[in-house]
Amino acid sequence: DNGIARPKGYKVSYHYNSTVEDMHFGRTHPMKPWRLTLAKHLILGYGLQYAMDTHEALPASKEQVCAFHDPDYVDFLSEVAPETFDRLCQNPKFAKAVPPPHDADSVYLGPYNLSTSPGADCPVFADMSTYLFLYTGATLAASHQLTTGQSDIAVNWSGGLHHAHKSEASGFCYINDIVLSILEMLKVWPRVLYIDIDVHHGDGVEEAFQRQPRVMTLSFHRFGTYDDTGHKFFPGTGDITDIGLRSTHGEHFALNVPISSGIDDRQYNYLFTSVVGQAVKAFNPSAIVLQCGADSLGGDRLGQFNINIKQHGECVRFVKSLNVPLLLLGGGGYTARNVARAWCHETALATDNELPDAIPLDFIPRPEAFQGRGHGDGKLFPAFVRSHPNYCSNSDLENMVKKIDW
Ligand code: VJV
Ligand code: CA
Ligand code: ZN
């Protein structure tokens, strides 16, 4: 007996497709879909599959993806592969997607911000279409469970790709599964709250809904420039003054919490509980989508926060306690073993289980991924070794909470 039980009085569904885990963006590209395999190993090792219904996802259809994205872009995504990219680029239908010729690092870009260069944010890689339509299919299946009342919480760690635009890929994101799921929810619910704890600004989701009052988007993110280079932290949007568009009744339905590097657990918890608490009070959402990007954890390869796994989880616990239908999605997360830990812990929280700190190393296929100094000593909640200098002062954070306009 592993002590894992089903939650009392509500249902959780878990949506996945193992094919997604085997995809490669490129050898040294930071996005590693195999972090999902590590997460799955922990989840199964602890026995959390007994606490929820597991659903293998089918790919989304082109038609479903067109509910938000431009049909030509969707055609391109469904046909593109490393071998077909150059031929597709010759097609006049796609020529209108005139790209800037290069990105900031002089990497060649093709239509829709896609590139066959391995140094690009959004590379064209083998079986990419399969990958895109599967993570989207899993998010749509998860939202279907919620909108039909079959689940109270639905989870898809392969989704949460918040930077994708209507007709452009951006920041490792190609199809915006979040926007598609919220559009489905709006068919049955009057108001949807979107909360984004990825270290990057949820720009694609905000942009999609900034013109209307039925979706409130709220992102917490690193904001500002790097000291050394003067470059902006990606994507550079999401200042506190960015609150949605007035002309079409969207004003005050976008909220942004821009944060300096090095924020700690206590400070993050203060910001999260105050701002989410007020947002929920003002907006009274019928459902919530929580993007749980794990690049906000300390020790992340791209992130610059000092949040521990327990605090990341506290955000999930807080949102869950609001007792409205909840969609939990993944997102960023570039130190794979910690992404796996965070999403396993959050799967446990979703199902009302508390996991022991000692990882059941005898029950997972690759125990070495979580063992040894620097790899977390076999613990689910290791203390982070590296930390960023904390540039967040308590008074700055208090002022920010006051400034966020209600
Ligand atoms: O900062 C940027 C844009 C550049 C141009 C493109 N080069 C590759 C990097 C600088 C200005 N992009 C960010 C995108 C972050 C996306 C985060 C996604 C999410 O977590 O929010 C949701 C899933 C960025 N930061 C770091 C990199 N790109 C990066 C990209 C690489 C890379 C190393 C770093 C791409 C390929 C390779 N190495 C081989
Ligand atoms: Ca965010
Ligand atoms: Zn991110």
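As a convention, each chain's residues are numbered from 1 in the sequence order in which they are written. Chains carry letters from A onward and ligands carry numbers from 1 onward, assigned in written order. Side-chain atom pairs in this predicted model are given and counted only at pLDDT of 80 or more, local residue features only at pLDDT of at least 70, and totals for whole chains, interfaces and linings cover all residues. The side-chain numbers reported here are obtained from all heavy atoms of the structure, hydrogens and water having been left aside.

(A) Examining the packing of aromatic side chains more closely. Side-chain rings of Phe, Tyr and Trp, where Trp is taken by its six-membered ring, are said to pair if the distance between their centres is within 6.5 Å; with planes under 30 degrees apart they count as stacked, over 60 as edge-to-face, and otherwise as tilted. All chains considered together, the criterion is met by 20 aromatic pairs. Look at F125 and Y174: their rings are 6.4 Å apart centre to centre, the planes differ by 80°, and that puts the pair in the edge-to-face class. Here the residue F125 occupies a position in the loop between α6 (92-95) and α7 (128-147), and Y174 occupies one in the loop between β3 (153-156) and α8 (177-186), the gap between them amounting to 49 residues. Assessed through its relative accessible area of 4%, F125 is described here as buried. The buried label applies to any residue whose accessible area, calculated with a 1.4 Å probe on protein chains only, is under 20% of its type's maximum; exposed applies above 50%, and partly exposed to all values in between. Given a relative accessible area of 0%, Y174 falls into the buried group. Seen from their ring centres, Y226 and F233 are 6.1 Å apart, and the 55° between their planes marks the pair as tilted. Of the aromatic side chains, those joined through ring pairs into one cluster are F25, F125, Y131, Y135 and Y174. In this scheme, the term charge over a ring applies when either NZ of a lysine or CZ of an arginine sits within 6 Å of the ring centre and within 35 degrees of the ring normal. Directly above the aromatic system of F381 lies the positively charged group of K310, at a separation of 4.3 Å from the ring centroid. A run of H or I in DSSP becomes a helix once it reaches four residues, and a run of E becomes a strand once it reaches two; helices and strands are each numbered from the N terminus.

(B) Region of interest: the sheet that holds strand β8 (residues 326-329). The pairing criterion for strands is at least two bridges between them, as found by DSSP. The 8 strands are arranged β2-β1-β3-β8-β7-β4-β5-β6 in an open sheet whose pairing can be described as parallel. Taken across any chain shown, the strands that pair with only one partner, and hence form the sheet edges, are β2 (53-56) and β6 (254-259). Across this sheet, the average inter-strand angle for adjacent strands is 15°, counted without regard to direction. Here strand β1 (residues 12-16) pairs with β2 via 4 bridges, running parallel. Bridging from a neighbouring strand, Y16 pairs with E56 of β2. Axis lines are fitted to C-alpha atoms, over the contacting stretch for helices. Their N-to-C directions set the angle, which ranges from 0 to 180 degrees.

(C) Geometry of empty space enclosed by the protein. A 1.4 Å probe that fits but cannot get out identifies a cavity on a 1 Å grid over protein atoms alone, an open set with protein on both sides within 12 Å along at least five of seven lines counts as a pocket, and a residue lines either if it has an atom within 4 Å of a point. Grid points are joined across faces, edges and corners, and a volume is the space filled by probe spheres set on the points. Tallied over the full model, the rule gives 3 cavities of 30 Å³ or more. Taken together, Y14, H15, Y16, N17, E21, L36, A39, K40, N156, W157 and S158 form the lining of the largest cavity. By residue class, the composition of the lining of the largest cavity is 5 nonpolar, 4 polar and 2 charged. Put simply, the second largest cavity is a space of about 50 Å³. If you go around the second largest cavity, the residues you meet are M31, P33, R35, L36, Y131, S158, G159 and L161. Across the lining of the second largest cavity, the residue classes break down as 5 nonpolar, 2 polar and 1 charged. Any residue that is not Ala, Val, Leu, Ile, Met, Phe, Trp, Tyr, Cys, Pro, Asp, Glu, Lys or Arg is counted as polar, Gly included; the first ten are nonpolar and the last four charged.

(D) Fine view of the pattern of salt bridges. Basic side-chain nitrogens of Lys or Arg form a salt bridge, by our definition, when they fall within 4 Å of a carboxyl oxygen of Asp or Glu. Across all of its chains, the model carries 11 salt bridges by this definition. Between E21 and K40 there is a salt bridge, and its shortest N-O distance comes to 3.2 Å. Here E21, found in helix α1 (residues 18-21), pairs with K40, found in helix α2 (residues 35-46); they are 19 residues apart in sequence, far enough to count as distant. On the accessibility criterion, E21 (7% relative accessible area) is buried. Close ionic contact of K62 with D75 constitutes a salt bridge, the shortest N to O distance being 3.0 Å.

(E) The arrangement of the coordination of the calcium ion (ligand 2) in detail. Only nitrogen, oxygen and sulfur atoms within 2.8 Å of the metal, or 3.2 Å for Na, K and Ca, are treated as donors, and water is left out, so sites may look incomplete. Note on the calcium ion (ligand 2): its protein donors are D196 (O), D196 (OD), D198 (O), H200 (O), S219 (OG) and F220 (O). The metal-donor distances range over 2.5 to 3.0 Å. Labels for metal geometry use angle windows, namely 85 to 135 degrees for all angles of a four-donor tetrahedral site, and for square planar (four donors) or octahedral (six donors) sites opposite donors over 155 degrees apart plus all others within 65 to 115; sites meeting none of these are irregular. Angles of 69 to 165° at the metal separate the 6 donor atoms of the calcium ion (ligand 2), which places the site in the irregular class. Written as a sequence motif, the donor arrangement for the calcium ion (ligand 2) is D-x1-D-x1-H-x18-S-F. When its relative accessible area of 4% is taken as the criterion, S219 is described as buried. Judged by its relative accessible area of 0%, F220 falls in the buried class.

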